[in-house]
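Listed below, chain by chain, are the residues.
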Amino acid sequence: MAYEIDLAGKTAVITGSNSGIGLGIAWEFARAGADIVLNSYSDAEDDHALAQKIADETGVNARYIQADMSKGEQCRNLITQAGRCDILVNNAGIQHVAPIPEFPQDKWDAIIAINMSSAFHTTAAALPKMRQFGWGRVINVASAHGLTASPFKSAYVTAKHGVVGLTKVTALETAKEPITCNAICPGYVLTPLVESQIPDTAEKYGMTEEEAKEKVILERQPSKEFATVEQIGGTATFLCSDAASQITGTTISVDGGWTAL
Ligand code: NAD
């Protein structure tokens, strides 16, 4: 019998999901039948409209809950407000690039809080709910920078390595239950944020946009292709399938060969 991925009856909470990878994951989950909770720190009409669009186009229930992932209490409140939380995707993240001596302390604190500590708080609030319903999936969106480093990204690399550590501990604490925890480690993914850097990079290096993509942005990605948000969403959906029920505590790279180098 072929494994099917049917997430009907499950509720997925995806942090930082009003754009980019988080939104891509939300769409893939909704297409597989899961009810969706979108989140970010803003509370704009557009945020709620996005949830409505997912509901209208896929037929699932979808809503948007505002919560700032830099604040532990709001991370926990998000899970409380969500009601059920069968699938938790810790995806919210920010970046700042500077050498260590010049790295602003407020940026360090924000990156550690949003990219790493938020996953601890949401997981702590979500595990009792998963246990109550006897099934759960925790998926942490880490990065190739959770497995390797680059200069000038001290806070980001530290936070993403921390998330990989948290993934392993969560997996061990739930190993005897029908709950798994894994990290997805994307290389460069074509999100609006990355897309907007292409023209500037081309101008800075006096290259065409195509050259800037291949030679500068994708320098470390041997495939010379960006991953897509649909591919990250597909990987997350697979991790929710029965075929993946013995996959726990691991990292799955979606990085065009970056970490094989
Ligand atoms: P993005 O900027 O489109 O998405 C980040 C999301 O986090 C947004 O929805 C934003 O609103 C949200 N967010 C930021 N601060 C928040 C806060 N305080 N509270 C709640 N939400 C907050 O970028 P993205 O590329 O989609 O990144 C998503 C995740 O994927 C991040 O964790 C990032 O580190 C990781 N990642 C991205 C790439 C890439 O190439 N794009 C590669 C590896 C890992």
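See the structure printed just above.
These numbers were taken from a predicted model, which means no experiment stands behind them. (Residues numbered from 1 in each chain as written. Predicted model: local features only at pLDDT ≥ 70, side-chain atom pairs only at ≥ 80, totals over all residues. Heavy atoms only, no water.)

## Notes on the overall build of the protein chain
Across its full length, the protein chain carries 9 helices and 7 strands. With respect to the three principal axes, the spread of C-alpha positions in the protein chain is 55 × 40 × 35 Å. For the protein chain, buried positions account for 48% of its 261 residues. Partitioning the intrachain contacts of the protein chain with sequence separation of at least 6 by distance along the chain shows that 72% fall at a separation of at least 24. (Helix = DSSP H or I, 4+ residues; strand = E, 2+ residues; numbered from the N terminus. Buried < 20%, exposed > 50% of the residue type's maximum accessible area, 1.4 Å probe, protein only. Contact = heavy atoms within 4.5 Å.)

## Some words on helix α4 (residues 105-133)
Over its 29 residues, α4 runs 41 Å from end to end, which matches the ideal 42 Å to within 8%, given 1.5 Å per residue. The axis of α4 is deflected most strongly, by about 45 degrees, at Ser117. (Expected span 1.5 Å × (residues − 1). Bend = angle between axes of the 7 residues up to and from the residue.)

## Regarding the site of the ligand
As a matter of local geometry, the ligand sits amid 29 residues, with Asn18, Ser19, Ser40, Asn91 and Tyr156 nearest to it. Here Asn18 contributes a side-chain N or O atom positioned 2.6 Å from an oxygen atom of the ligand. Ser40 places a side-chain nitrogen or oxygen 2.7 Å from an oxygen atom of the ligand. Counting only elements with at least two residues in the shell around the ligand, the list comes to α1 (20-31), β2 (35-40) and α5 (154-173). (Near = heavy atom within 4 Å. Polar contact = N/O pair within 3.5 Å; in protein donor to acceptor, adjacent residues only side chain to side chain.)

## Quick look at the pattern of salt bridges
Summed over the entire model, instances satisfying the criterion amount to 6 salt bridges. Ionic pairing is found between Glu57 and Lys53, a salt bridge with its closest N-O pair at 3.8 Å. Taken together, the positions of Glu57 and Lys53, both in helix α2 (residues 45-58) and 4 residues apart, correspond to about one turn of that helix. A relative accessible area of 43% means that Lys53 is categorised as partly exposed. Measuring nitrogen to oxygen at the nearest pair gives 3.5 Å for the salt bridge that ties Lys213 to Glu210. In this pair, Lys213 and Glu210 both sit in helix α8 (residues 209-217), 3 residues apart, roughly one turn of the helix. The partly exposed category is assigned to Glu210, whose relative accessible area is 48%. (Salt bridge = Lys/Arg side-chain N within 4 Å of Asp/Glu carboxyl O.)

## A short note on the sheet that holds strand β4 (residues 87-90)
Spatially, β3-β2-β1-β4-β5-β6-β7 is the arrangement adopted by the 7 strands of the open sheet, whose pairing is parallel. Unpaired on one side and paired on the other, β3 (62-66) and β7 (251-254) mark the two borders of the sheet. Averaged over all pairs of adjacent strands, the angle between strand axes in this sheet comes to 20 degrees, irrespective of strand direction. Both strand β1 (residues 11-14) and β4 contribute to a ladder of 3 bridges, which runs parallel. Counted as the bridge partner of Val13 is Leu88 from β4. Seen against the sheet, α2 touches β2 and β3 and runs at an angle of roughly 160 degrees to β3. (Pairing = 2+ DSSP bridges. Axes fitted to C-alpha atoms, helices over the stretch in contact; angles between N-to-C directions.)

## Quick word on the packing of helix α3 (residues 72-82) against α4
Axis separation between α3 and α4 bottoms out at 8 Å; the angle between their running directions is 30 degrees. Here α3 is positioned roughly parallel relative to α4, judged by the angle of their axes. Every pair of crossing elements has a handedness; the one defined by α3 and α4 is right-handed. Across from Gly72, Cys75, Arg76, Ile79 and Thr80 in α3, the residues of α4 making contact are Ser118, Phe120, His121, Thr122, Ala124, Ala125, Ala126 and Lys129. (Parallel < 35°, antiparallel > 145°, perpendicular 65-115°, else oblique. Left-handed = near helix turned anticlockwise from the far one by under 90°.)

## Comments concerning the packing of aromatic side chains
Taken as a whole, this structure holds 1 aromatic pair when the rule is applied. Relative to Trp258, the ring of Tyr188 has its centre 5.6 Å away and its plane inclined at 25 degrees; by these criteria the two rings are stacked. Separated by 70 residues along the polypeptide, Tyr188 in the loop between β6 (179-186) and α6 (192-195) and Trp258 in the segment after β7 bring together distant segments of the chain. Of the residues examined, Tyr188 reaches a relative accessible area of 24% and is grouped as partly exposed. Taking the relative accessible area as the measure of exposure, Trp258 reaches 5% and is therefore buried. One residue, Lys10, lies across the ring of Trp135, its end atom 4.2 Å from the ring centre. Geometry around Phe133 places Arg84 over its ring, the cationic atom sitting 3.8 Å from the centre. (Phe/Tyr/Trp six-rings, centres within 6.5 Å; stacked < 30°, edge-to-face > 60°. Lys NZ or Arg CZ within 6 Å of the ring centre and 35° of its normal.)

## Points about the nonpolar core
Judged by nonpolar contacts, the single largest core of 36 residues is most densely connected at Ile25, Phe29, Ile36, Leu38 and Ile54. Counting residues per element, the ones that place at least two in this core are β1, α1, β2, α2, β3, β4, β5 (136-141) and α9 (229-239). No other element matches the 7 residues that α1 contributes to this core. The next biggest cluster of nonpolar side chains, apart from the first, holds 21 residues, and it includes Cys75, Leu78, Ile79 and Leu88. (Core = buried A, V, L, I, M, F, W, Y, C linked by side-chain atoms within 4.5 Å.)

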